[in-house]
Amino acid sequence: MMYNQFGFFHIMTLVCSILTPFLLWLILRNKKDLTKRIVLGVFAFVGIALLVYEFIRDGRILYDLPFHLCSLNGLLIPFVLIFKNKKLGNMLLLWCVGALGALIFNFEVDMLPISDPRCWTYFVPHYVQLTIPISMGILKIFEVDYKTIPSTLLLTFISYTIVHLINKTFAAIDPALATNYMFSVYHQNNVFLLFMWNICPYEYFYMLLMLPFILFLFLIIYSKQFIHIIKSKVKKK
């Protein structure tokens, strides 16, 4: 069986990723907080372990550094689980969309047999990076709060800018070392990113066209709170 784009196995991985937060909520909702954090921590550990394994196995040190949005997400999950940091937790709710994109557009492993370890070192970390932040939110490991939107936007912008400078630094040292972390330099033929590149064909700046999509995601993430605010204002009138 192949891990081909929108083939059976690919569809099953997407379905599994969508169902996992709901299943974890059903299983853990009445458990102690520590139990929830330990179970989610095991998922996080597996995801990070496979990132490290891929880093060692692949041998492309500069190209496998954890500077993509989803990789940073995975590394921050343990900190949120341990310290229950609300700002970081809410930021990961946005950043996990990067993992969703990687799971949908799986070009890096397209047409590989599922017996190939690269399929699993690609799927499992992204699966963890998507499902665990969502699970932490719905299991109330941290407070989901729309008031964190400014800090999320600021931290995301700073992270993106720093990573772009890292890309440019590597390229300046040696063009053969050029990287494209967070896709700040080039769209790499990703359909969604290519659409934005066609509108604004300039490295770094073209990704800023993600802002309307990000605002839409905020509406989804904090919809319950926004609806409550609107209802409260209507009642006051």
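This text goes with the structure placed above it.
Residue numbers run consecutively from 1 along every chain, following the written order of its sequence. Thresholds applied to this predicted model are a pLDDT of at least 70 for local features of residues and 80 or more for the giving and counting of side-chain atom pairs; totals over whole chains, interfaces and linings are not thresholded and use all residues. Just so you know, side-chain values use all the structure's heavy atoms and leave hydrogens and water out.

Colleague: Is there a simple way to think about empty space enclosed by the protein in this case?
Modeller: To find the voids left in a structure, one rolls a probe of water-molecule size over its atoms. Any residue with an atom within 4 Å of a point lines the site, the site being either a cavity, points on a 1 Å grid over the protein atoms alone where a 1.4 Å probe fits but cannot get out, or a pocket, an open set with protein on both sides within 12 Å along at least 5 of 7 lines. Grid points are joined across faces, edges and corners, and a volume is the space filled by probe spheres set on the points. The full count for this structure, using the stated rule, is one cavity of 30 Å³ or more. As a volume, the largest cavity reaches approximately 30 Å³. Lining the largest cavity, in full, are Ala 44, Gly 47, Ile 48, Leu 51, Gly 74, Ile 77, Val 128 and Gln 129. Only runs of H or I of at least four residues qualify as helices and only runs of E of at least two qualify as strands under DSSP, and these elements are numbered from the N terminus. Of all the secondary structure elements, the ones that give two or more residues to the lining of the largest cavity are α2 (33–58), α3 (69–83) and α5 (117–138). In terms of residue count, the dominant contributor to the lining of the largest cavity is α2 (four residues).

Colleague: What am I meant to see in the side chain of Asn 90 here?
Modeller: Among the structural elements, Asn 90 can be located in helix α4 (residues 86–104). A distance of 2.9 Å separates a polar atom in the side chain of Asn 90 from the backbone oxygen of Glu 143. In contact with Asn 90, not counting residues within four places along its chain, are Phe 142, Glu 143, Val 144, Asp 145, Thr 148, Thr 152 and Tyr 222. Contacts described as polar in this section are N or O atom pairs within 3.5 Å, which, within protein, must combine one atom able to donate a hydrogen with one able to accept it, while residues neighboring in sequence count only if both atoms come from side chains. Pairs of residues are marked as contacts when any of their non-hydrogen atoms sit within 4.5 Å.

Colleague: Explanation requested: the layout of surface pockets in the structure shown.
Modeller: By volume, the second largest pocket is sized at about 380 Å³. Taken together, Leu 93, Ile 134, Gly 137, Ile 138, Lys 140, Phe 142, Glu 143, Val 144, Ile 221, Lys 224 and Gln 225 form the lining of the second largest pocket. Residue assignment for the lining of the second largest pocket shows that the elements contributing at least two residues are α5 and α9 (223–236). Top element by residues in the lining of the second largest pocket is α5. It accounts for three residues. Classifying every residue of the lining of the second largest pocket by side-chain character gives six nonpolar, two polar and three charged. Residues are sorted three ways: Asp, Glu, Lys and Arg are charged, Ala, Val, Leu, Ile, Met, Phe, Trp, Tyr, Cys and Pro are nonpolar, and all the rest, Gly among them, are polar.

Colleague: Can you help me understand a nonpolar patch on the surface in this one?
Modeller: A grouping of Met 1, Phe 6, Phe 8, Ile 11, Met 12, Val 15, Ile 18, Leu 19, Phe 22, Leu 23, Leu 26 and Ile 27 is seen on the molecular surface, where their side chains present a nonpolar patch of about 1200 Å² in accessible area. Inspection of the secondary structure puts Phe 6 in the segment before α1 (8–28). For patch building, the residue pool is restricted to those with more than 30% relative accessible area and no salt bridge; the joining distance is 9 Å between like charges and 5 Å between nonpolar side chains (Val, Leu, Ile, Met, Phe, Trp, Tyr). Method for areas: the Shrake-Rupley scheme with a 1.4 Å probe, in which residue coverage is limited to the protein chains shown. Any Lys or Arg side-chain nitrogen located within 4 Å of an Asp or Glu carboxyl oxygen qualifies as a salt bridge.

Colleague: How do you make sense of α4 when you look at a structure like this?
Modeller: Side chains of residues three or four places apart in an α-helix project in the same direction, reflecting 3.6 residues per turn. Between its first and last C-alpha, α4 extends 28 Å over 19 residues, near the 27 Å set by a 1.5 Å rise per residue. Fitting one axis to the seven residues ending at a residue and another to the seven starting there, the bend at that residue is the angle between the two axes. Along α4, the largest kink reaches about 35° and is centred on Leu 93. Note on classification: 1.4 Å probe, protein chains only; a residue is buried when its accessible area is under 20% of the maximum for its type, exposed when over 50%, partly exposed between these limits. Taken as a whole, α4 has its buried residues at Gly 89, Asn 90, Met 91, Leu 92, Leu 93, Leu 94, Trp 95, Cys 96, Ala 99, Ala 102 and Leu 103. Next to the buried residues of α4 lie α1, α3, α5, α6 (149–173) and α8 (211–221). Its side-chain oxygen at 3.1 Å from the backbone nitrogen of Lys 87, Asn 85 defines the N-terminal cap of α4. Expected span of a helix: the number of residues minus one, times 1.5 Å.

Colleague: Explain the packing of α3 against α4 here, please?
Modeller: How two helices sit against one another is set out by the angle between their axes and by the gap between those axes. What counts as an axis is a line fitted to C-alpha atoms, over the stretch in contact for a helix, and the angles between N-to-C directions run from 0 to 180 degrees. Close contact between α3 and α4 brings their axes to 9 Å; oriented N to C, the two are set at 150°. Seen along the crossing, α3 lies across α4 with a hand that is left-handed. Residues Leu 69, Cys 70, Leu 72, Asn 73, Leu 76, Ile 77 and Val 80 of α3 form the contact with α4, whose own contacting residues are Leu 88, Gly 89, Met 91, Leu 92, Trp 95, Cys 96, Gly 98 and Ala 99. Taken together, the residues of the contact of α3 with α4 break down into twelve nonpolar, three polar and no charged. With the far helix as reference, a near helix turned anticlockwise by less than a right angle produces a left-handed crossing, and one turned clockwise produces a right-handed crossing.

Colleague: When you look at the packing of aromatic side chains in this model, what are you seeing that I'm missing?
Modeller: The description of an aromatic ring pair uses the distance of the two centres, along with the angle that the planes make with each other. Pairing of aromatic rings covers Phe, Tyr and Trp, the last counted by its six-membered ring, and requires centre-to-centre distances within 6.5 Å; plane angles under 30 degrees mean stacked, over 60 mean edge-to-face, and any other angle means tilted. According to the stated counting rule, one finds 15 aromatic pairs in the structure shown. Ring geometry for Phe 67 against Tyr 181: centres 5.4 Å apart, planes inclined by 85°, an arrangement best described as edge-to-face. Placement of the pair is Phe 67 in the loop between α2 and α3 and Tyr 181 in the loop between α6 and α7 (191–199), with a sequence separation of 114 residues. Overall, Tyr 181 belongs to the buried group, its relative accessible area being 2%. Taken together, the ring pairs connect Tyr 3, Phe 9, Trp 120, Phe 123 and Tyr 127 into an aromatic cluster. Working rule: Lys NZ or Arg CZ, within 6 Å of ring centre, within 35 degrees of ring normal, means a charge sits over the ring. Lying over the aromatic face of Trp 25, Arg 29 brings its terminal NZ or CZ to 4.8 Å of the ring centre.

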